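Here are the chains, one letter per residue:
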Amino acid sequence: MPQSRGRRRPVVARWLAVLLIAAVIPAGPGSSTAYANSQPPENAVVVWDRNAQTAIWDVAGQQPQVQARSFAMVHGAVYDAVNAIAGTPYQPYLVAPRARGGESTEAAVATAAFRVLNELFPAQQTRLTTQYDEYLATIADGAAKRRGIAVGEQAAAAMITARENDGAFGDQTWPVGTQPGQWRPTPPTSASDGAWVGDLKPFLIPSASMFRTSGPPALASSRYTKDFDELKRIGAANSTVRTQDQTQAAIWWHDRHLAEWEIKRQLATTRHLNTLQAARMFAMVDLAEADATTACYNEKAAWTFWRPITAIRLADTDGNPATVADPGWTPLLVTPPHPDYTSGHTCFTAASMSALTHFFGRDDIPFSGYSADSGTTRTFRGFSQALAEVIEARVWGGIHTRTADVQGAKIGAQVTAYMVRHYFRPKR
């Protein structure tokens with residue numbers, strides 16, 4: 001089991017502990033669905049999350065900050081459909097389609113997910129339609145199937161309408177600075193991408209800037225010097241102090257094929273969640289992740305702080321006599337094409353792990369995930385341990401300062417805390 005190296009950060013665990021709100025997860029009414037082969041299928045929410053991954057990542061290749069919006073749209077619609085059929089025991093996200101309770105939840109899940117994916121990826125229409133038709137063929141024809149389809153259609157339509165003109169894929173760009181501390185494109189790609197994410201209309205929180213921080217540490221401060229020295233030493237491609245496990249962890253967490261997808265499906269299966277439970281869990285996690293990502297990118301735009309590779313190579317210009325430049329310094333990982341502060345990955349992971357902690361009402365559920373990039377499976381004993389490791393991993397990879405990681409995690413936890421107070425709550 002991986003252990004975070006260096007000094008532990010108990011404050012992260014405390015943020016999550018605040019969110020350990022005992023969640024009552026009722027079983028919900030069973031579906032009246034009949035199956036063409038007389039065998040109940042795998043949980044429909046899990047199946048269609050996997051199908052969503054195929055469309056969003058395997059085919060479209062959307063990067064993490066873009067994926068977040070797509071998954072949130074799919075699972076927000078799926079949740080509203082399943083919640084309506086279950087008798088609306090929880091607050092709807094957008095809408096509660098009229099339902100009698102005997103509708104096929106499988107047909108509703110498939111339809112809600114398919115319609116959203118079809119809207120998001122029109123170039124995949126033929127493939128998605130075939131996938132949808134094949135899935136529906138496993139459900140016996142009849143009124144329950146027809147009514148389930150109708151519920152899914154309504155939930156998807158509400159989501160598609162709600163996200164029209166939400167700011168996705170805008171033409172914003174990151175300003176390129178020339179002064180110490182200001183962001184500029186980094187080698188080897190010298191790319192700039194994702195500036196629009198900070199202006200995306202949130203799914204849950206009132207404003208993308210509501211969790212604004214006081215910003216990165218001043219270049220002449222002891223905090224900045226400490227971050228700088230740590231990164232220079234342990235985040236370098238040729239670091240002699242980073243362990244093999246730390247290197248594997250850095251690569252594992254950097255994999256664009258996010259292990260968090262597998263983890264959510266794994267938890268839904270190993271914890272034996274029914275369709276309503278899984279729909280609620282996926283919606284809570286994915287919508288919190290999406291808003292945490294938006295809040296993080298809004299923070300990046302507010303501060304446009306330079307990345308470690310720039311800071312270390314240009315340290316002779318930063319006005320801090322305690323930092324020493326290394327013009328040839330290179331990080332272990334390729335630096336993402338946007339500013340350092342705050343860390344998108346820790347925002348995202350803090351939101352997901354704190355949402356899971358709230359949903360299950362506990363932190364000590366073990367899980368694991370595999371990364372093809374690192375060729376390893378990492379196992380965690382609980383949600384706070386995973387969050388603690390990603391904070392370390394972004395430093396070990398040489399692409400984020402510790403302050404950017406810690407503040408990002410705080411934003412993610414704050415987004416989840418807001419969601420817990422205002423969304424997906426039991427109605428009775």
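The structure reproduced in this document is the subject of the present report. The shown structure was predicted, so the numbers you read here are calculated from the model rather than taken from an experiment. (Residues numbered from 1 in each chain as written. Predicted model: local features only at pLDDT ≥ 70, side-chain atom pairs only at ≥ 80, totals over all residues. Heavy atoms only, no water.)

Turning to the overall build of the protein chain, a few remarks are in order. On a plain count of helices and strands, the protein chain comes out with 14 helices and 2 strands. What you see for the protein chain is a C-alpha radius of gyration of 22 Å, in line with the 22 Å of a compact globule of 428 residues. Pairs at least 24 apart in sequence give 81% of the contacts found in the protein chain among residues at least 6 apart. Accessible surface, the protein chain as shown: approximately 16200 Å² in total, 53% of it carbon and sulfur. (Helix = DSSP H or I, 4+ residues; strand = E, 2+ residues; numbered from the N terminus. Rg over C-alpha atoms; globule rule 2.2 N^0.38 Å. Contact = heavy atoms within 4.5 Å. Areas by Shrake-Rupley, 256 points an atom, 1.4 Å probe, with all protein chains shown as cover.)

Bringing the nonpolar core into the picture now. Counting 111 residues, the largest nonpolar core has Trp48, Val78, Phe203, Leu267, Met281 and Phe424 as its most contacted members. In terms of residue count, helix H10 (residues 275-303) provides more of this core than any other element does, 15 residues in total. Apart from the residues lying within four places of it in its own chain, the contact partners of phenylalanine 203 are Arg69, Ala72, Met73, Tyr93, Met159, Arg163, Leu287, Ala290, Asp291 and Tyr423. Counting 13 residues, the second-largest nonpolar core is a separate cluster that includes Leu219, Trp329, Tyr341 and Ala404. (Core = buried A, V, L, I, M, F, W, Y, C linked by side-chain atoms within 4.5 Å. Buried < 20%, exposed > 50% of the residue type's maximum accessible area, 1.4 Å probe, protein only.)

Here we come to the packing of aromatic side chains. In total, this model carries 19 aromatic pairs according to the counting rule given. Measuring from ring centre to ring centre gives 5.0 Å for phenylalanine 359 and phenylalanine 360, while their planes differ by 90°; the resulting arrangement is edge-to-face. Residue phenylalanine 359 is classed as buried on the basis of its relative accessible area, which comes to 1%. Phenylalanine 360 gets classed as buried once you look at its relative accessible area, which sits at 14%. (Phe/Tyr/Trp six-rings, centres within 6.5 Å; stacked < 30°, edge-to-face > 60°.)

Direction vectors running N to C along helix H8 (residues 244-254) and helix H13 (residues 383-396) enclose 100°, while the axes themselves pass 8 Å from each other. Viewed along their axes, H8 and H13 adopt a mutual orientation that is roughly perpendicular. Of H13, the residues touching H8 (which contributes Gln246, Ala249, Ala250, Trp253 and His254) are Ala386, Glu389, Val390, Ala393, Arg394 and Trp396. Here the residues of the contact of H8 with H13 are counted per class, giving 7 nonpolar, 2 polar and 2 charged. (Axes fitted to C-alpha atoms, helices over the stretch in contact; angles between N-to-C directions. Parallel < 35°, antiparallel > 145°, perpendicular 65-115°, else oblique. Nonpolar A, V, L, I, M, F, W, Y, C, P; charged D, E, K, R; others polar.)

Following the sequence through the fold, tryptophan 252 ends up in helix H8. As for tryptophan 252 and serine 374, which are separated by 122 residues in sequence, their C-alpha atoms are 5.4 Å apart. Excluding residues within four positions of it along the chain, tryptophan 252 makes contact with Ala259, Ile263, Gly369, Tyr370, Ser371, Ser374, Thr376, Thr377, Arg378 and Phe380. A polar side-chain atom of tryptophan 252 sits 2.9 Å from the main-chain carbonyl oxygen of glycine 369. (Polar contact = N/O pair within 3.5 Å; in protein donor to acceptor, adjacent residues only side chain to side chain.)

Attention now goes to the pattern of salt bridges. Tallied over the full model, the rule gives 16 salt bridges. Notably, a salt bridge pairs arginine 378 with aspartate 245, separated by 3.2 Å at the nearest N-O pair. Here the residue arginine 378 occupies a position in strand S2 (residues 376-380), and aspartate 245 occupies one in helix H8, the gap between them amounting to 133 residues. Arginine 378 sits in the buried class, given a relative accessible area of 3%. (Salt bridge = Lys/Arg side-chain N within 4 Å of Asp/Glu carboxyl O.)

Going through the model one piece at a time under the given rule, you end up with 4 cavities of 30 Å³ or more. Volume-wise, the largest cavity comes out at about 60 Å³. As for the largest cavity, its lining consists of Tyr224, Asp227, Phe228, Leu231, Phe305, Trp306, Arg307, Pro308, Ala311, Ile312 and Thr401. At the level of secondary structure, the elements contributing two or more residues to the lining of the largest cavity comprise helix H7 (222-234) and helix H11 (308-313). Broken down by element, the residue count for the lining of the largest cavity peaks at 4 residues, all from H7. Considering only enclosed or pocket space, the second largest cavity measures out at about 50 Å³ in volume. Together, Gln67, Ala68, Phe71, Leu258, Trp261, Lys264, Asp286, Glu289 and Phe348 line the second largest cavity. Every element with two or more residues in the lining of the second largest cavity is listed here: helix H3 (64-85), helix H9 (259-270) and H10. A per-element tally of the lining of the second largest cavity places H3 first, with 3 residues. For the lining of the second largest cavity, a count of residues per class yields 5 nonpolar, 1 polar and 3 charged. (1 Å grid on protein atoms, 1.4 Å probe; cavity = no way out; pocket = protein on both sides within 12 Å on 5 of 7 lines; lining within 4 Å. Points joined across faces, edges and corners; volume = space filled by probe spheres on them.)

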